[in-house]
Amino acid sequence: MTTTTRTGSHARNEYERALKAHWDAKKSDDINLLLGTEDDLYHHHYAIGDYDRTVLDTPPDRREESILRELHRMENEQVRLILDTLGPVPTTARGMDAGSGRGGTAFTLAAELGCRIDGVNFCEHHVEFAERIAARRGWDDRVRFHLGNMLKAPFPDGSFDFVVSNETTMYTDAFEAMREFARLLRPGGRYVMTTWCRDDAVDPRSAATRRIDDHYVCHMHRRSTYFEALAASGLVPYRVRRYTHEAMPYWELRNHSGLRTGVEDDFLEGYRDGTLNYLVVASERV
């Protein structure tokens, strides 16, 4: 297994340094770490779809465990959005997970598609965590993690048949991200993005979206900005789906957990008043 060199911070400006410091400090974030203990699939994204309402009827001594198990099931299922939108790919294909976190999306894609996945992340303890899982599980023959900046990925032009970003583009300049993903794709290659974003047809920056940005040290984009950035980089959308209503149950369930972080109500407020959207967008490099 190989990774990029462990030197340098890979943060290029003041914002990226602040963001990296935020993630570097999150070494004991229970809402992420407890959910993946049974299957080693650790996620830093959320979920869509309804939850099993019976978990709330679980006896008090087992209720939290049931809630966390259901949240994890939902997060695992969320990766299906990417798989279904990407469509079939040959086992000889190579894909990149942009902002790969502790590896949950990359591991799932490799298992389902049978092809090689490279994850890129500038948080060193995330990369090391994912590498340990890959080695222990024997997944490192198909999944490799690289310490680096996903906006300046350590690969030559046209290295990948597909690129995915699972709720990570709100940490980027959208135009720079789309240019980089287009550079990395071979002609005809596909890019699939899941993201929460501002619905600028309703309100360009509501109070709820500002609080979410503050909580995650991000700057989520307007919905229209994504499509402008895709067009500017020669990435042509072939599927666009909005799952705003379907994104609410996950946060409703998280509100019942003892590990709620306080941002749950902001997501619910934004989704309910329409200022926040959940999108899945697939595009092709022409």
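Going by the structure above, here's the rest.
Note that the structure is predicted; figures quoted are calculated from it, not measured. (Residues numbered from 1 in each chain as written. Predicted model: local features only at pLDDT ≥ 70, side-chain atom pairs only at ≥ 80, totals over all residues. Heavy atoms only, no water.)

A.B. asks: How should the nonpolar core be read in this particular structure?
C.D. replies: Soluble, globular proteins show a tendency: their nonpolar side chains are buried together. In terms of nonpolar packing, the biggest core is built from 63 residues, with F162, W196, Y216, W251, F267, Y271 and Y278 touching the most fellow members. Looking at which element gives the most residues to this core, the answer is helix 3 (residues 60–86), with 9 residues. Beyond its immediate chain neighbours, meaning those up to four positions away, Y271 contacts W196, T244, A247, M248, W251, L276, N277 and Y278. Among the nonpolar cores identified, the runner-up in size contains 25 residues, and F155, V163, A174 and F181 belong to it. (Core = buried A, V, L, I, M, F, W, Y, C linked by side-chain atoms within 4.5 Å. Buried < 20%, exposed > 50% of the residue type's maximum accessible area, 1.4 Å probe, protein only. Helix = DSSP H or I, 4+ residues; strand = E, 2+ residues; numbered from the N terminus. Contact = heavy atoms within 4.5 Å.)

A.B. asks: What is the right way to look at the packing of helix 6 (residues 174–184) against helix 8 (residues 223–232) in this model?
C.D. replies: When two helices pack together, you describe them by how their axes are tilted relative to each other and by the distance separating the axes. One way to put it is that helix 6 packs onto helix 8 with a least axis distance of 8 Å and a crossing angle of 40 degrees. Once helix 6 is placed against helix 8, the crossing between them reads as right-handed. Contact residues: helix 6 offers A174, F175 and M178, while helix 8 offers T225, Y226, E228, A229, L230 and A232. When its residues are assigned to classes, the contact of helix 6 with helix 8 shows 7 nonpolar, 1 polar and 1 charged. (Axes fitted to C-alpha atoms, helices over the stretch in contact; angles between N-to-C directions. Left-handed = near helix turned anticlockwise from the far one by under 90°. Nonpolar A, V, L, I, M, F, W, Y, C, P; charged D, E, K, R; others polar.)

A.B. asks: Please explain the environment of D50 as it appears in this structure.
C.D. replies: Mapped onto the fold, D50 is located in the loop between helix 2 (30–33) and helix 3. A relative accessible area of 46% places D50 in the partly exposed class. Separated by 200 residues in the primary sequence, D50 and Y250 place their C-alpha atoms 7.1 Å from one another. Excluding its chain neighbours within four sequence positions, the residues that come into contact with D50 are R73, M74 and P249. Engagement of the side chain of D50 in a polar contact is seen with the side chain of R53, the distance being 2.7 Å. (Polar contact = N/O pair within 3.5 Å; in protein donor to acceptor, adjacent residues only side chain to side chain.)

A.B. asks: Honestly, the sheet that holds strand 3 (residues 143–147) in this entry has me stumped. Any pointers?
C.D. replies: Note: strands within a sheet are paired through backbone hydrogen bonds, in either parallel or antiparallel orientation. What the 7 strands build is an open sheet, ordered 3-2-1-4-5-7-6; its pairing is mixed. Strands with a single pairing partner mark the edges of an open sheet, and in this sheet they are strand 3 and strand 6 (235–242). Averaged over neighbouring strand pairs, the angle between their axes works out to 20 degrees when direction is ignored. Here strand 1 (residues 94–98) runs beside strand 2 (residues 116–121); their pairing, made up of 5 bridges, is parallel. Within the sheet, the bridge partner assigned to G95 lies in strand 2 and is I117. Sheet strands in contact with helix 6 are strand 1, strand 4 (160–166), strand 5 (185–198), strand 6 and strand 7 (276–285), and its direction is about 150 degrees off that of strand 5. (Pairing = 2+ DSSP bridges.)

A.B. asks: Could you clarify how one ought to interpret unusual backbone geometry in this entry?
C.D. replies: Backbone geometry at D40 places phi at a positive 65 degrees, although glycine is not the residue there. Topologically, D40 is positioned in the loop between helix 2 and helix 3. Although it is not a glycine, E167 adopts a positive phi angle of roughly 60 degrees. Note on placement: E167 falls in the loop between strand 4 and helix 6. For E167, a relative accessible area of 4% translates into the label buried.

A.B. asks: Could you clarify how one ought to interpret the side chain of H43 in this entry?
C.D. replies: Looking at where H43 falls in the secondary structure, it is placed in the loop between helix 2 and helix 3. A polar contact of 2.6 Å, which involves the side chain of H43, links it to the side chain of N76. What H43 contacts, discounting residues up to four positions off in sequence, is N32, H72, E75, N76, V79, G104, T105 and T108.

A.B. asks: Help me out: how do you make sense of the packing of aromatic side chains in this one?
C.D. replies: If you walk through the whole model with that rule in mind, you get 16 aromatic pairs. Ring geometry for Y46 against Y216: centres 6.2 Å apart, planes inclined by 45 degrees, an arrangement best described as tilted. A residue pair is termed long-range when its members are at least 10 positions apart, and Y46 in the loop between helix 2 and helix 3 and Y216 in helix 7 (residues 207–216) qualify at 170 residues. Of the two residues, Y46 and Y216, neither departs from the other in class, the shared state being buried. A connected cluster of aromatic rings, assembled from ring pairs, spans Y46, W196, Y216, Y250, W251, F267 and Y271. In this structure, R53 packs its charged tip against the face of Y51, placed 4.1 Å from the ring centre. Residue placement shows R102 over the ring face of F129; its charged tip is 5.3 Å from the ring centre. (Phe/Tyr/Trp six-rings, centres within 6.5 Å; stacked < 30°, edge-to-face > 60°. Lys NZ or Arg CZ within 6 Å of the ring centre and 35° of its normal.)

A.B. asks: What should I look at first to understand the pairing of strand 3 in this one?
C.D. replies: Successive residues of a regular strand alternate their side chains across the two faces of the sheet. Extensive coverage of strand 3 is indicated by the burial of 4 of its 5 residues. Judged from the 5 bridges that link them, strand 2 and strand 3 form a sheet pairing that is parallel. Bridging from a neighbouring strand, G119 pairs with F145 of strand 3. Between the parallel elements strand 2 and strand 3, the chain passes through helix 5 (residues 124–137) in a crossover that is right-handed. (Right-handed = clockwise from strand over helix to strand, strands pointing away.)

A.B. asks: Help me understand the pattern of salt bridges in this model?
C.D. replies: Side-chain pairing between opposite charges can occur once the charged atoms of the two side chains come close. Applying the stated criterion across every chain, the model contains 27 salt bridges. Here D118 makes a salt bridge to R116, at a shortest N to O gap of 3.1 Å. Residue classification places D118 among the buried residues on the basis of a relative accessible area of 0%. In this structure, R260 and D265 form a salt bridge, with 3.6 Å as the shortest nitrogen-oxygen distance. Among the residues examined, R260 registers a relative accessible area of 35% and is labelled partly exposed. A relative accessible area of 42% means that D265 is categorised as partly exposed. Several salt bridges share partner residues, and in doing so they unite R254, R260, E264 and D265 into one network. (Salt bridge = Lys/Arg side-chain N within 4 Å of Asp/Glu carboxyl O.)

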